[in-house]
Amino acid sequence: MAETQLQEELFDVLTKTGQKTGITKPRGDVHRDGDYHRAVHVWIFAESTQELLLQQRADCKDSWPGLWDISGAGHISAGDSSLTTAQREFHEELGVNLPKDAFELIFVFLQECVINDGKFINNEYNDVYLVTTRDPIPLEAFTLQETEVSAVKYIGYEEYRSLLGKEDPGYVPYDINGQYGQLFDVITKRYKENTSERSLNLQKKLRQYAPVSLNAELTGLSDVDKEALALVIKAATIMDEIFHLQVWHSNPALRDWLKERAVASELDGLKWLYYKINKSPWSSLDENEAYLTTADSAVKLLPASTKQVTGWKGLEYKAAFPMQKPPGANFYPSDMDKMEFELWKNSLTGNQQEDATSFFTVIKRRSEFSLDCSPCDHTLDGTNNSVGSIHDLYSVPYSEEYIPYLKRTAELLHKAGDLASSPSLKRLLHSKADAFLSNDYYDSDIAWMELDSKLDVTIGPYETYEDALFGYKATFEAYVGVRDDKATAQLKLFGDNLQLLEENLPMDSAYKSKEVIAAPIRVIQLVYNSGDVKGPQTVAFNLPNDERIVKDRGTSMVMLKNVSEAKFKHILQPIADSCITKEQQELVDFESFFTHTICHECCHGIGPHTITLPDGRKSTVRLELQELHSALEEAKADIVGLWALKFLISQGLLPKSLVKSMYVSFLAGCFRSVRFGLEESHGKGQALQFNWLFEKEAFIFHSNDTFSVDFTKVEGAVESLSREILTIQARGDKEAARLLLQKYCKMTTPLKVALQKLENIQVPVDIVPTFPIADKLLQ
């Protein structure tokens, strides 16, 4: 950026902790007054030579003229975003055009210093990005901006660290023993890690999953239904493709790269096996800690990103992903914060706000659209997307964002619908195909609830766990199975008594719904699943999540019986043998485990959903609790499910023999779910319940490191937690939800002891299923 332009550049003024104040000031005033503001630092690192690119600052610069510095840097102007600033500065200063997946945010660095005899005060939050290229870019490929950069050179990163450590006067100073040392630590760890150690670590992670082959009986299906099944499974494989993209924008490139290289070495094979379970570079069972780095990622070639150089094919870079899993996944711009979203949302009309918070839209940047070299283009039109808006954000419906995938899916579902013998399945498949292209899922979700077919299909965008920023955006998934008619008939009891449960919920009567529609329950043997089914496998699901349908029609539930049986056999039984006192071990049984799972799913359908806030506004629990909703809702379904079982027993609707076994099976189940990690909604919700019940002395921790249930206290403790959660939801009280989760979602000593025992005897944390029937049909 030319020096004359910089004089007029406006910056957002920040608080000392880095939050926007809403004030903007000219650049000169900011540096004169010592205001906190934001900038970007971008480093180019060449893997093959282990070198960093440095630029020499132009002599006319008002800070550190003539000294060697970062590859590229620049202030973030008022209203601009971090990533687009990084892209733009690279283009302007060095003549290098890079797409967003070249930039890896590695840390944020606060620089506080005073130079030029006190006339230049620099209090700057810097987003530090790393661009990893395979080889050094030829120096003649750069086009240098004369007012900013006088020269560039490559230097070994260890030599550069040494020069900074010696405070060499030719280099802009950075404290390598402070925050900025992270740059060198990241590179060193990434490229000097022991291969055999990594292999052993991945083997240990893989042992957390028990391989299970899931089969189902297809004899009840007609020949045409088997043909339809094959088409549905093909459609379901596309849900995987969309989900990979929803997790992170460079995730599909990473997937293809790892798959292609899986046979190259033992380590490469292990990376691919563990990636297939997690469907991302972040480990579901390790609080989403990265088990891969950008150094493991796909190499991409950009033939025309710089000035052409004879004999050089072009810039090869690694498709980047951040070490910290992005809370907004790929639903929002990676550098968007909550405040920016809320300011934009509040500037919209009612319908536009619904689009912004819809399950079925992604949020993008206009500035990113104009800068990015990636092929995902959208026309900025319509009221939401008008170019004249002062805000950089706009929404795009899934039906546009994922159109190549959804077109293929719709074609397969229409073909399957034409073949299906069941009228309700025919209706579901055709309406779901239409929904994929219209972005209106209401009718297809009703059709799914009314499904009455031997072949059971769930496909589409449903769960919102990946959106840890707000809990708004739905991920694509598919569950294909064959209905277990006998087990389904046995479960009618739960659906028939949903209104009775609602009327007796332990919360203020003012919050209770006058009309709860019974959730139809279907038990299936799972034949195939895909999409958002990473890491721990679900044993049941309750859908849809659309509050309009929940209010009008309730929900439906699908139980995956063969998945439940596999988890009980491979995980819950060994947990009980290790963690439960000998006197109570025999009380852990499959019937109790499966019955509580049913009740858990039923209880998603009761309690507060659409609510009236204290100021009289109508809202929903999801909208009010935002990113806290999923964990609290999972805890509610679990604990209220336990309360509901006791209530149904007291009404003579379930056998009394269940009373003790359901509580002890639940206790064993706590250890199973907490092992999913406290970043995952089910694990978080389970920690809340265990710690509450332990505090109330309903769960007893013995000197021999085993646990038991105190049957005299457990009923009251279950009821008190049910009341607490239901009331928070009914009031839409986000602060109370935050405090509750903050207090009880902890890895307390009893939990740590139990989890260590299970690790010592290597009880699997979950199962990883294979689907022989689907594999055969897909061949």
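Note that the structure is predicted; figures quoted are calculated from it, not measured. (Residues numbered from 1 in each chain as written. Predicted model: local features only at pLDDT ≥ 70, side-chain atom pairs only at ≥ 80, totals over all residues. Heavy atoms only, no water.)

## Overview of the pattern of salt bridges
Put simply, the rule is: When a carboxyl oxygen of Asp or Glu is within 4 Å of a side-chain nitrogen of Lys or Arg, the pair counts as a salt bridge. Put simply, DSSP marks the helices as runs of H or I at least four residues long and the strands as runs of E at least two long, and each gets a number from the N terminus on. A 1.4 Å probe rolled over the protein chains alone gives each residue an accessible area, and that area as a share of the maximum for its type sets the label: buried under 20%, exposed over 50%, partly exposed in between.
What the rule picks out here adds up to 52 salt bridges. As a salt-bridge pair, D766 and K567 come within 2.7 Å of each other at their nearest N and O atoms. With a gap of 199 residues between them, D766 in strand β26 (residues 766–770) and K567 in helix α21 (residues 561–579) connect regions that are remote in the sequence. Judged by relative accessible area, D766 falls into the buried class, the value being 0%. Taken together, the shared-partner salt bridges connect K25, D29, R32, D33 and D35 into one network.

## What to know about the UniProt feature "domain: Nudix hydrolase" (unreviewed entry) in the protein
Put simply, the rule is: UniProt positions are given in the numbering used here, feature names are shortened, and annotations may be inferred rather than shown by experiment.
UniProt annotation of "domain: Nudix hydrolase" (unreviewed entry) refers to residues 35–177 when read in the numbering used here. A helix fraction of 15% and a strand fraction of 41% characterise residues 35–177, whose end C-alpha atoms lie 25 Å from each other.

## Points about the pairing of strand β19 (residues 521–531)
For a regular strand, side-chain orientation follows a simple rule: the groups alternate between the two sheet faces. Note the threshold: At least two bridges found by DSSP between two strands are what make those strands a pair.
β19 sits mainly inside the fold: 11 of its 11 residues count as buried. Where strand β18 (residues 476–483) lies against β19, seven bridges are found, and the strand directions are antiparallel. Its bridge partner lying in β19, A478 is registered against S530. Here four bridges tie β19 to strand β21 (residues 556–560), and the two strands are oriented parallel to one another.

## Observations regarding unusual backbone geometry
The amide bond that connects L543 to the next residue, P544, takes the cis arrangement and shows omega of 0°. One can find P544 in the loop between β20 (540–543) and α20 (547–553). The backbone of K279 shows a phi angle near 60°, a positive value even though the residue is not glycine. Phi is positive for Q762, which is not a glycine, with a value near 55°. Within the fold, Q762 resides in the loop between α30 (749–760) and β26.

## What about the sheet that holds β20?
Within a sheet, each strand pairs with its neighbour through backbone hydrogen bonds, oriented either parallel or antiparallel. Put simply, the rule is: Throughout, an axis means a line fitted to C-alpha atoms (over the contacting stretch in the case of helices), and angles, computed between N-to-C directions, take values from 0 to 180 degrees. Contacts between residues were defined by any pair of non-hydrogen atoms, one from each residue, lying within 4.5 Å.
Read from one edge to the other, the open sheet built from five strands follows the order β17-β18-β19-β21-β20, with strand pairing classed as mixed. In this open sheet, the two strands that pair with only one neighbour each are β17 (455–461) and β20. Neighbour to neighbour, the strand axes of the sheet diverge by 35° on average, direction disregarded. The sheet strands contacting helix α7 (residues 223–247) are β17, β18 and β19, and the helix crosses β19 at an angle near 55°. Here helix α16 (residues 442–449) sits on the sheet in contact with β17, β19, β20 and β21, set at roughly 55° to β21.

## Side note on the packing of aromatic side chains
This is how it is decided: Each pair of aromatic rings taken from Phe, Tyr and Trp, with Trp reduced to its six-membered ring, is defined by centres within 6.5 Å and is described as stacked if the planes are under 30 degrees apart, edge-to-face if over 60, and tilted in the remaining cases.
Counted by the stated rule, this structure contains 46 aromatic pairs. Geometrically, the ring pair formed by F341 and W344 is edge-to-face, given 5.7 Å between the ring centres and 70° between the ring planes. Remark: W344 and F341 occur in helix α10 (residues 338–346); sequence separation between them is three residues, near one turn of the helix. Looking at F341, the relative accessible area reads 0%, which means it is buried. Exposure remark for W344: the relative accessible area of 1% places this residue in the buried category.

## Examining helix α26 (residues 658–674)
Inclusion rule: A helix is expected to reach a length of 1.5 Å times the quantity of its residues less one.
Compared with an ideal rise of 1.5 Å per residue, which puts 17 residues at 24 Å, α26 spans 24 Å between its outermost C-alpha atoms and is within 8% of the ideal. A large share of α26 lies buried, amounting to 15 of its 17 residues.

## Considering the nonpolar core
To keep it simple, the criterion reads: Side-chain atoms within 4.5 Å are what join buried Ala, Val, Leu, Ile, Met, Phe, Trp, Tyr and Cys residues into a set we call a nonpolar core.
Ranked by internal contacts, the top residues of the largest apolar core, which has 167 residues, are F494, F671 and L688. For this core, the leading source of residues is helix α25 (residues 629–650), giving 12 residues. Apart from residues no more than four positions distant in its own chain, F494 is found in contact with I521, T595, I598, C599, C602, L645, L648 and L654.

## Considerations on the pairing of β17
Taking burial as the measure, the seven residues of β17 include seven buried ones, the bulk of the element. Direction of pairing for β17 relative to β18: antiparallel, over a ladder of seven bridges. Within the sheet, the bridge partner assigned to V457 lies in β18 and is V480.

## Quick word on the packing of α25 against helix α28 (residues 714–731)
Filter applied, for reference: Each angle gets one of four labels, with under 35 degrees taken as roughly parallel, over 145 as roughly antiparallel, 65 to 115 as roughly perpendicular, and the rest as oblique. Helix crossings fall into two classes, left-handed where the near helix is turned counterclockwise from the far one by less than a right angle and right-handed where it is turned clockwise. Classification convention: Asp, Glu, Lys, Arg as charged; Ala, Val, Leu, Ile, Met, Phe, Trp, Tyr, Cys, Pro as nonpolar; all other residues, Gly among them, as polar.
Two elements in contact, α25 and α28, have axes whose closest approach is 9 Å; the angle formed by their N-to-C orientations is 135°. The orientation of α25 with respect to α28, classified from their angle, is oblique. For the pair α25 and α28, the crossing hand works out as left-handed. Listed contacts from α28 to L632, E633, A635, K636, I639, V640, L642, W643 and K646 of α25 are E715, V718, E719, L721, S722, I725, L726, I728 and Q729. A class-by-class count of the residues in the contact of α25 with α28 yields 11 nonpolar, two polar and five charged.

## Here we look at the environment of A754
By secondary structure assignment, the location of A754 is in helix α30. Residues A754 and S578, spaced 176 residues apart in sequence, show a C-alpha to C-alpha distance of 8.5 Å. Setting aside its immediate chain neighbours within four residues, A754 contacts C579, F671 and F707.

## Here we look at the packing of helix α4 (residues 157–165) against helix α5 (residues 181–192)
Contact geometry for α4 and α5: axes closest at 11 Å, N-to-C directions at 150°. In this view, α4 runs roughly antiparallel relative to α5, as classed from their interaxial angle. As α4 runs across α5, the sense of the crossing is left-handed. From α4, Y157, E158, Y160, R161 and L164 reach across to α5, where they touch F184, D185, I187, T188 and K192. Residue composition of the contact of α4 with α5, by class: five nonpolar, one polar and four charged.

## Things to note about the environment of T458
Rules: Pairing of N or O atoms within 3.5 Å defines a polar contact, subject to two protein rules: one partner must be a possible hydrogen donor and the other a possible acceptor, and residues neighboring in sequence count only if both atoms are side-chain atoms.
Among the secondary structure elements, T458 is positioned in strand β17. Of the residues examined, T458 reaches a relative accessible area of 0% and is grouped as buried. Spatially, the C-alpha atom of T458 lies 25 Å from that of T620, the residues being 162 residues apart in sequence. One polar contact links T458 to W448, side chain to side chain, over a distance of 2.8 Å.

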